[in-house]
Structure formats: C-alpha cells, structure tokens
Amino acid sequence: MPSFSLVKNQLKTLALLGGLTALFVGIGGAIGPTYLYGALFFALLMNVGAYFYSDQIVLRMNGARIVDRSSAPDLYGMVEELATKAELPTPKVAIIEDPAPNAFATGRNPEKGVVAVTTGILRILDRRELRGVIAHELGHIKNRDILLQSVAAVIASSISGVANLLMWLPLFGGSDDEDAPNPLAALALAFVAPMAATLIQFGISRSREFLADETGARIAGDPEALASALMKLERGVQAMPSPAQPATASMFIVNPFGGTDAPHASFGGGGVSKWFSTHPSTTERVQRLRALRA
C-alpha cells in the first residue's frame, strides 16, 4: 500500500500539472480567441514532458553529465554504498561543471533516480561531508520528493519562457481585428507569469528539506557531517553564485544564488523574507541536525 507521503506528493504533482493547463489556457483565452486552442495543445504537451521527461530536462538545463564507476569511482562508490544503506536502487550519478558548490536529486521514481553534484562541491567538501550531502539527496529520493521537485522546475521554466514570448506578442497582429492579440492582456500576463513561476517554487514545501536532512543524517549515521557541509555550502554559494537556471533553484541542497542566510538574499535572515525563500534557513537546518545527536 502506498505511503501517505507518496500519495501526498502524487496529489501535489497532479495539482501542479492541472494548474499548468489552467494557466496556459487562461493565458490563451485572455490574449485572444484564436490562441485558446494553441495554448491548450501546448499545455498538454508540457504536461507529458514534465511528467515523463522532467529529470532529463532538469539535467540538461544544468549541463549535467552522467558518470559511471569507471569515470568517477570514488563518487559512484559512495552513492552506491549509501543507497544500499537506504535500501534504495543505486541511482544514476551526474556531475555538473559548476565551480559553485551544490547538489540535487531528480527522477520520476527511486528506480529512475539521479544524484547530481557540481565540481565545486567535490572540491570544497571532505569525504565525510560529501557523504552527508549524498545521503541528503538520497533522502529526497527515499521520501519521493524528486518527481514533484522536477515537475515544478520544468513548469517554472515553461512559464518563464511564455512570459518572455508575451513581451513580444503585442508586436504581431492577426489577419483581422478579431484575430489580433490583446496587447494589454499580453503585457499584463507577461508580468504575472513570472510571479506564478515563483509561487510554484514557493509551493514546494520547505519542510521537505528538513525531512531530507533528517532522513539523510540517519542514512549516513552522521548528522554533524551534513551540518558541517551545509555551512560550507552556504559560504561557498555566497562567495560564488551559480550560473544555474533559476527555475531549478529549489531543487538544490542550498540556494544557488547566494544562500538563505546571506544578507542580500534574506534581508537579514528573518521576518517576511522567510515566506519568499525556496530554502529554509541554513542556520535552522544546522540547529535541527545537531539536535539529532542528543
């Protein structure tokens, strides 16, 4: 019988895909009657792509390359060992050429899971800390977060692309007045669509990061290793923000654009800023991890 967590994430995924369809159809209808059917077709196409190919899309968006035991023996062996401890199939392993230290997991289910790490994280973490990070990502796979996160990233990227298209749409007209796009509606939606993409990322519960931290700490048997890694990663992304795609920011173990505790990223690290962050505070995550040692 499926777990409550699995059913909950499946329902969230269906809600995201349904919301994508409604949003695109609404955009098409607001712009003009002739755009309605095209928007519906595009939404259905994106639904299929987001559900079945979101992991591949996310990996390509971040320039990740799959490695194996022969090309990355230490990293692959670490993932394999921790996956066995977590009672999971060994996921594929990918490396992203990015000096900013970070990692994420993706895939449609545990059988198709992928753990991706940047070259930056391999450079700054010691072996014990890297085990903590890998265990965290396996925690996402074990908790069935990966499909939801991947679908959300693809949808956010699609909405951003549509927003860019809408900025130019008023320059083009139809064959008659009835077919011509509504320029005011197009411009308004061009500003609303990116906000919708951001809200989708906020909608991915930040509590899943806390749960993956706890699950990962138990898989590795070393909460302090992940706590130490998170502090290093926070400093690392502050010093070197990533060229990662904004739509996939919520998938990474820490915010790739400066971290949640950076002054410029969190407006002091508290208050209203916590409502508008794709990640919980690193300080709070570290405190919770260290509490597990008690």
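This part covers the sheet that holds strand E4 (residues 114–118). Two modes of strand pairing occur in sheets, parallel and antiparallel, and in both the strands are linked by backbone hydrogen bonds. Read from one edge of the open sheet, 4 strands run E1-E2-E4-E3, paired in mixed fashion. Looking at the sheet topology across the chains shown, the edges are occupied by strand E1 (64–67) and strand E3 (103–106). With strand direction ignored, the average angle separating the axes of adjacent strands in the sheet is 30°. Pairing geometry for E3 and E4, over 4 bridges, is antiparallel. In the sheet register, Thr 106 faces E4, and the bridge partner there is Val 114. Packed on one face of the sheet, helix H3 (residues 73–85) meets E1, strand E2 (92–96) and E4 and runs near 135° to E2. Sheet contacts for helix H5 (residues 127–142): E3 and E4; angle to E4, the most-contacted strand, approximately 145°.

With that out of the way, let us pick up the nonpolar core. By size, the foremost hydrophobic cluster in this structure holds 38 residues, and its most contacted members are Leu 75, Val 133, Ile 134 and Leu 138. Counting residues per element, the ones that place at least two in this core are H3, E2, E3, E4, H5, helix H8 (207–220), helix H9 (223–239) and helix H11 (282–291). Listed in part, the 17 residues of the second largest apolar core include Val 114, Leu 147, Ala 153 and Val 154.

What follows is about the side chain of Thr 248. Turning to its location among the elements, Thr 248 is positioned in the loop between H9 and helix H10 (263–266). A distance of 3.4 Å separates polar atoms of two side chains, one belonging to Thr 248 and the other to Asn 62.

Throughout the structure, instances matching the rule amount to 1 aromatic pair. Between the aromatic rings of Phe 104 and Phe 252, the centroid separation amounts to 5.0 Å while the plane-to-plane angle is 80°, which identifies the pairing as edge-to-face. Of the two residues, Phe 104 sits in strand E3 while Phe 252 sits in the loop between H9 and H10, which places them 148 residues apart along the sequence.

Before going further, it helps to examine H11. Taken together, the buried positions of H11 are occupied by Thr 282, Arg 285, Val 286 and Leu 289. Looking down the long axis of H11, one finds its buried residues gathered within 100° of arc, a one-sided arrangement. Looking at the packing, one finds that the buried side of H11 touches H5, H8 and H9. For H11, the N-terminal cap is Ser 281; the gap from its side-chain oxygen to the backbone nitrogen of Thr 283 is 3.2 Å.

The next subject is a nonpolar patch on the surface. Taken together, the side chains of Val 48, Tyr 51, Phe 52 and Tyr 53 present a nonpolar region at the surface, about 380 Å² in accessible area. Positionally, Tyr 53 belongs in helix H2 (residues 36–61).

Let us look at the confidence of the model for the chain. Reading predicted coordinates in detail is not appropriate for stretches of low pLDDT. Across the chain, pLDDT averages 79, with 66% of residues at or above 70. Note on residues 262–273: pLDDT under 50 across the span, and 13 contacts to partners over four residues away in sequence or across chains.

Next up on the list: the packing of H3 against H5. Contact geometry for H3 and H5: axes closest at 10 Å, N-to-C directions at 55°. As far as their axial angle goes, H5 and H3 are oblique. Relative to H5, the crossing made by H3 is right-handed. Residues Asp 74, Leu 75, Met 78, Val 79, Glu 81, Leu 82, Ala 83 and Lys 85 of H3 lie in contact with H5, whose contacting residues are Arg 127, Leu 130, Arg 131, Ile 134, Ala 135 and Leu 138. Considered class by class, the residues forming the contact of H3 with H5 number 9 nonpolar, no polar and 5 charged.

Time to look at the pattern of salt bridges. Using the criterion set out here, one finds 11 salt bridges in the structure. Ionic pairing is found between Arg 285 and Asp 213, a salt bridge with its closest N-O pair at 2.8 Å. Residue Arg 285 is located in helix H11, and its partner Asp 213 is located in helix H8; the two are separated by 72 residues in the primary sequence. This pair shows no difference in class: Arg 285 is buried, exactly as Asp 213 is.

Conventions adopted
Residues numbered from 1 in each chain as written. Predicted model: local features only at pLDDT ≥ 70, side-chain atom pairs only at ≥ 80, totals over all residues. Heavy atoms only, no water. Pairing = 2+ DSSP bridges. Helix = DSSP H or I, 4+ residues; strand = E, 2+ residues; numbered from the N terminus. Axes fitted to C-alpha atoms, helices over the stretch in contact; angles between N-to-C directions. Contact = heavy atoms within 4.5 Å. Core = buried A, V, L, I, M, F, W, Y, C linked by side-chain atoms within 4.5 Å. Buried < 20%, exposed > 50% of the residue type's maximum accessible area, 1.4 Å probe, protein only. Polar contact = N/O pair within 3.5 Å; in protein donor to acceptor, adjacent residues only side chain to side chain. Phe/Tyr/Trp six-rings, centres within 6.5 Å; stacked < 30°, edge-to-face > 60°. Arc of directions from axis to C-beta. Patch = residues over 30% accessible without salt bridge, like charges linked within 9 Å, V, L, I, M, F, W, Y side chains within 5 Å. Areas by Shrake-Rupley, 256 points an atom, 1.4 Å probe, with all protein chains shown as cover. Salt bridge = Lys/Arg side-chain N within 4 Å of Asp/Glu carboxyl O. pLDDT = per-residue confidence, 0-100. Parallel < 35°, antiparallel > 145°, perpendicular 65-115°, else oblique. Left-handed = near helix turned anticlockwise from the far one by under 90°. Nonpolar A, V, L, I, M, F, W, Y, C, P; charged D, E, K, R; others polar.

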